[in-house]
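# Overview (structure and organization)
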Amino acid sequence: MLSTFTFTSADGTEILGWTNNGDGPTVVICNGLGVPPEAWPRLLDEHCGYHVVGWNHRGGLGSGRPADPEAIRVEDHVADALALMEHCEVDRALLAAWSLGVNVSFEIAAEHPEKVAGMLMCAGVPGGTYDAAFANLLVPKPLRKQTGLMVSRAGQVIGKPLTALARTVPKGPAFAELLRHSCFMLPSAQTRDVVPWIRAFLEHDFEWYFRLMVAAADHEPMDPSFVECPITVVAGGFDVMTSMRDVVAFAEQIPHAEVHVLHATHFVPLEFADEVMAMLDGLLLRSDLAAPAEVVARAEASEDIREETVIDLREKVM
């Protein structure tokens, strides 16, 4: 069962952390920017076989705003992740990331490789996030960053009325069904998983949320080849926010990376919650962390599911 707690980051910012209160190897969730924990529905189950911890980004969904309003860049999110691990007495863990959380994860692995036993990276790139956006909308790569910044700054301008609108929008199954059939998200996401995510996400102050988005553009691309721990990289073939080709291209620089492309949009953890769980189990088995018996059994049973739903496009996209 999900529960929350507070901890203090390096600069004194009070951050809201959360945990599934489960037992087993620790998984640190490096979430998409401003994304609530409900994005990882299977990992919120205390009986999932993992001890899962995460945090909400500074200024959003219960976390405090920093004294320095500019302290909202990737390096600040990295500091929050490290403070979370210290608070929870986590010396070594698997990192599971989505979107901008991939940036954060690679910075953690670069600075503290001893803390990272394995990496499950979904729909994100290690830096240059905006350069990887809007490829499915045929935006030329040289224009993507400016397009992303323009959209994010426009979001700041309309942030207050957007926040007011979010408070009034019905957030039940009807809204979830609309979103699942919008092409922004696909019907493979289950309504029972989407509804809690919508309800949590729409609690944002969207003026601040888009401020976080603008700051995210500052993180430059990293050379990912330094990664030595087991790593699984997952891309969505219909992802508008992060180009599938960019995701696979960075993964190709890590010779031992396991690379998968799903029939998914940017919402990989929601649309393929069971497959993401199977990939995490597989990652654990490749790591040097001990795997509980129930995880081993689930990993063995999930092989048929993964073969049916996961396409390895390593050769097709090159």
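## Focus: the pairing of strand β7 (residues 231-236)
- Most of β7 sits out of view: six of its six residues are buried.
- Burial of the side chains of β7 extends over both faces: Ile231, Val233 and Ala235 are buried on one face and Thr232, Val234 and Gly236 on the other.
- As paired strands, strand β6 (residues 116-122) and β7 are joined by four bridges and run parallel to one another. When the bridges of β7 are listed, Cys122 appears paired with Val234.
- With five bridges connecting them, β7 and strand β8 (residues 258-262) associate as parallel partners.

## Quick notes on the pattern of salt bridges
- According to the stated counting rule, one finds 15 salt bridges in the structure shown.
- Its salt-bridge partner being Glu258, residue Arg286 comes within 3.3 Å of it at the nearest N-O pair. Of the two residues, Arg286 sits in helix α10 (residues 273-286) while Glu258 sits in strand β8, which places them 28 residues apart along the sequence.
- Among the residues examined, Glu258 registers a relative accessible area of 23% and is labelled partly exposed.
- Between Arg298 and Asp281 there is a salt bridge, with the nearest N and O atoms lying 2.7 Å from each other.

## As for unusual backbone geometry
- Phi is positive for Leu61, close to 50°, though the residue is something other than glycine.
- Within the fold, Leu61 resides in the loop between β4 (51-55) and α1 (74-87).
- Backbone geometry at Ser99 places phi at a positive 60°, although glycine is not the residue there.
- When you line up the elements, Ser99 lands in the loop between β5 (93-98) and α2 (100-111).
- A relative accessible area of 15% places Ser99 in the buried class.

## A look at the environment of Phe184
- Summarising the element assignment, Phe184 is placed in the loop between α5 (173-180) and α6 (191-201).
- Residue Phe184 is classed as partly exposed on the basis of its relative accessible area, which comes to 45%.
- The residues touching Phe184, leaving out its near neighbours within four places in the chain, are Leu179, Thr265 and Phe267.

## A short note on the side chain of Thr26
- Looking at where Thr26 falls in the secondary structure, it is placed in strand β3 (residues 26-30).
- A distance of 3.3 Å separates a polar atom in the side chain of Thr26 from a polar atom in the side chain of His51.
- For Thr26, the residues in contact, after removing those within four places along its chain, are His51, Val53, Val90, Ala93 and Leu94.

## Comments concerning the pairing of β4
- Of all five residues that make up β4, four are buried, and the element is covered over most of its length.
- Of the pairings in the sheet, the one linking strand β2 (residues 14-19) to β4 comprises three bridges and is antiparallel in character. The residue bridging Gly17 from the neighbouring strand is Trp55, located in β4.
- As paired elements, β3 and β4 share four bridges and run parallel to each other. Residue pairing in the sheet places Thr26 in a bridge with His51 of β4.

## Overview of the confidence of the model for the chain
- Averaged over every residue, the pLDDT of the chain is 93; the share at 70 or more is 95%.
- Considering only residues more than four positions removed or in separate chains, one finds that residues 304-318, a stretch of pLDDT under 50, has 27 contacts.

## With respect to helix α3 (residues 141-157)
- Spanning 17 residues, α3 covers 25 Å between terminal C-alpha atoms, matching the ideal 24 Å at 1.5 Å per step.
- All of the buried residues along α3 are Arg144, Gly148, Leu149, Ser152 and Gly155. For α3, the buried positions fall inside an angular range of 120° around the axis, keeping them on one side. Along α3, exposed side chains directed more than 90 degrees from the buried face belong to Pro142, Gln146, Met150 and Val157.
- Buried residues along α3 sit in contact with α4 (159-168), α7 (206-216) and α8 (244-251).

## Quick notes on the layout of surface pockets
- As a volume, the largest pocket reaches approximately 940 Å³.
- Here the lining of the largest pocket is built from residues that sort into 27 nonpolar, seven polar and no charged.
- Of the voids in this model, the second largest pocket is the one considered here, and its volume is about 190 Å³.
- Considering each element in turn, the lining of the second largest pocket owes the most residues, three residues, to α8.
- Of the residues belonging to the lining of the second largest pocket, the class tally is eight nonpolar, three polar and four charged.

## Considering the nonpolar core
- The biggest cluster of nonpolar side chains holds 102 residues, and the ones touching the most others in it are Tyr50, Phe106 and Trp197.
- No other element matches α7, which puts nine residues into this core.
- Beyond its immediate chain neighbours, meaning those up to four positions away, Phe106 contacts Met119, Met121, Pro126, Met222, Pro224, Phe226, Val227, Ile231, Phe250 and Ile254.

Quick notes on the rules
- Chains are numbered independently. Their residues run from 1 in the order of the written sequence.
- Restriction of local features to residues with pLDDT of at least 70 applies here, the model being predicted, together with a cutoff of 80 or more for giving and counting side-chain atom pairs; totals for whole chains, interfaces and linings are based on all residues.
- By convention in this description, side-chain values take in all heavy atoms of the structure and omit both hydrogens and water.
- Partly exposed describes any residue whose relative accessible area lies between the buried limit of under 20% and the exposed limit of over 50%, with all areas from a 1.4 Å probe on protein chains only and scaled to the type maximum.
- Here a helix means four or more residues in a row that DSSP labels H or I, a strand means two or more in a row labelled E, and each is numbered from the N terminus.
- Note on pairing: DSSP must find at least two bridges between two strands before they are called paired.
- Salt bridges, as used here, are contacts in which a Lys or Arg side-chain nitrogen is within 4 Å of a carboxyl oxygen on Asp or Glu.
- Should any heavy atoms of two residues lie within 4.5 Å, those residues are considered in contact.
- Polar contact is defined as a pair of N or O atoms within 3.5 Å, subject to the rule that within protein one atom must be able to donate a hydrogen and the other to accept it, and that residues adjacent in sequence are counted only when both atoms are side-chain atoms.
- pLDDT is a residue-level measure of predictor confidence that goes from 0 to 100.
- Multiply 1.5 Å by the residue count of a helix minus one, and that product is the helix's expected span.
- By construction, the arc corresponds to the directions joining the helix axis to the C-beta atoms.
- A cavity here means a set of points on a 1 Å grid, drawn over the protein atoms and nothing else, where a 1.4 Å probe fits but cannot get out; a pocket is an open set with protein on both sides within 12 Å along at least five of seven lines, and a residue lines either one if it has an atom within 4 Å of a point.
- Grid points are joined across faces, edges and corners, and a volume is the space filled by probe spheres set on the points.
- Side-chain classes are defined by residue name, with Ala, Val, Leu, Ile, Met, Phe, Trp, Tyr, Cys and Pro counting as nonpolar, Asp, Glu, Lys and Arg as charged, and the others, Gly among them, as polar.
- Among buried residues, the Ala, Val, Leu, Ile, Met, Phe, Trp, Tyr and Cys ones that are joined through side-chain atoms within 4.5 Å form a nonpolar core.

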